[in-house]
Amino acid sequence: MKDVVTTSAVFFNYALLAVFAQNAVFTRALGVSRLVQLVGDDRISSWLFGMQLCITQILVTPFAWYAGSRIAPLANRAQLRPLVYIASIAVVCLLEHAVLWLAKGLPHRSALLRIVPLAGLNSCVLGTVLVERTQSFTLGQSLGFGLGSGLGYVLAVLLVTEARHRLRSKAIPEAFRGLPITLVYIGVLALAIYGFTGHSVIL
């Protein structure tokens, strides 16, 4: 029972760490290009994209963790690691696509089929897996960090979406409207988080 409680505590600690202190968007700028596109695209639901990204992160983690441990003894592991992780992401995306294709009565099925490749090819997924491996996380820590990174991405999307109408204010100089002011806003949020974490990397 004690081991279960300890493992659960580690999982949730790393998930919270990834959501706030080590947010993939605000501390590592992972997935910013997709975030900016997502905020301005009314055809794709932010909630569905965030949910699919979380699911992809969770499913990729065990594949990547196992594959990373298999190539760890090899001399050229640094060169193989990105290729192995990209292959893991591709396998997970194919599995997700197959499940969605077979689940005919699933709500939002057609939207999710469009979102799967966008979520899988997001740099947040690959970047998170690389962080997990370079920090030598255990499987439980990696699962928590993967979930937290997905939730942190959703949080970033919601923060930028919420500010979208304010970023269209006429008080903003015309040259800064649109993408420039959005990037400035994301940078300010990143600095706010940087103020809590400091200059040293927590992990």
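Cut-offs used in this document
Residues numbered from 1 in each chain as written. Predicted model: local features only at pLDDT ≥ 70, side-chain atom pairs only at ≥ 80, totals over all residues. Heavy atoms only, no water. UniProt positions renumbered as here; feature names shortened; annotations may be inferred. Helix = DSSP H or I, 4+ residues; strand = E, 2+ residues; numbered from the N terminus. Polar contact = N/O pair within 3.5 Å; in protein donor to acceptor, adjacent residues only side chain to side chain. Contact = heavy atoms within 4.5 Å. Disulfide = S-S within 2.5 Å.

- Naming follows an unreviewed UniProt entry, where the chain appears as Rnf-Nqr domain containing protein of Faecalibacterium wellingii.
- Note on the chain: under the UniProt heading Subcellular location (unreviewed entry), the record states "Endomembrane system".

1. Focus on the side chain of Gln52
Part 1: Considering the arrangement of structural elements, one finds Gln52 in helix α4 (residues 46-71).
Part 2: Only 3.2 Å separates the side chain of Gln52 from the side chain of Glu96, close enough to count as a polar contact.
Part 3: The residues contacting Gln52, other than those within four sequence positions of it, are Glu96, Leu112, Ile115, Val116 and Ala119.

2. Some points on the state of the cysteines
Part 1: Overall, the coordinates contain 0 disulfides when judged by the stated rule.
Part 2: No disulfide involves Cys54; its sulfur sits 9.0 Å from the nearest other cysteine sulfur, which is in Cys124.
Part 3: The thiol sulfur of Cys93 is not disulfide-bonded, and the nearest other cysteine sulfur, from Cys124, lies at 13 Å.

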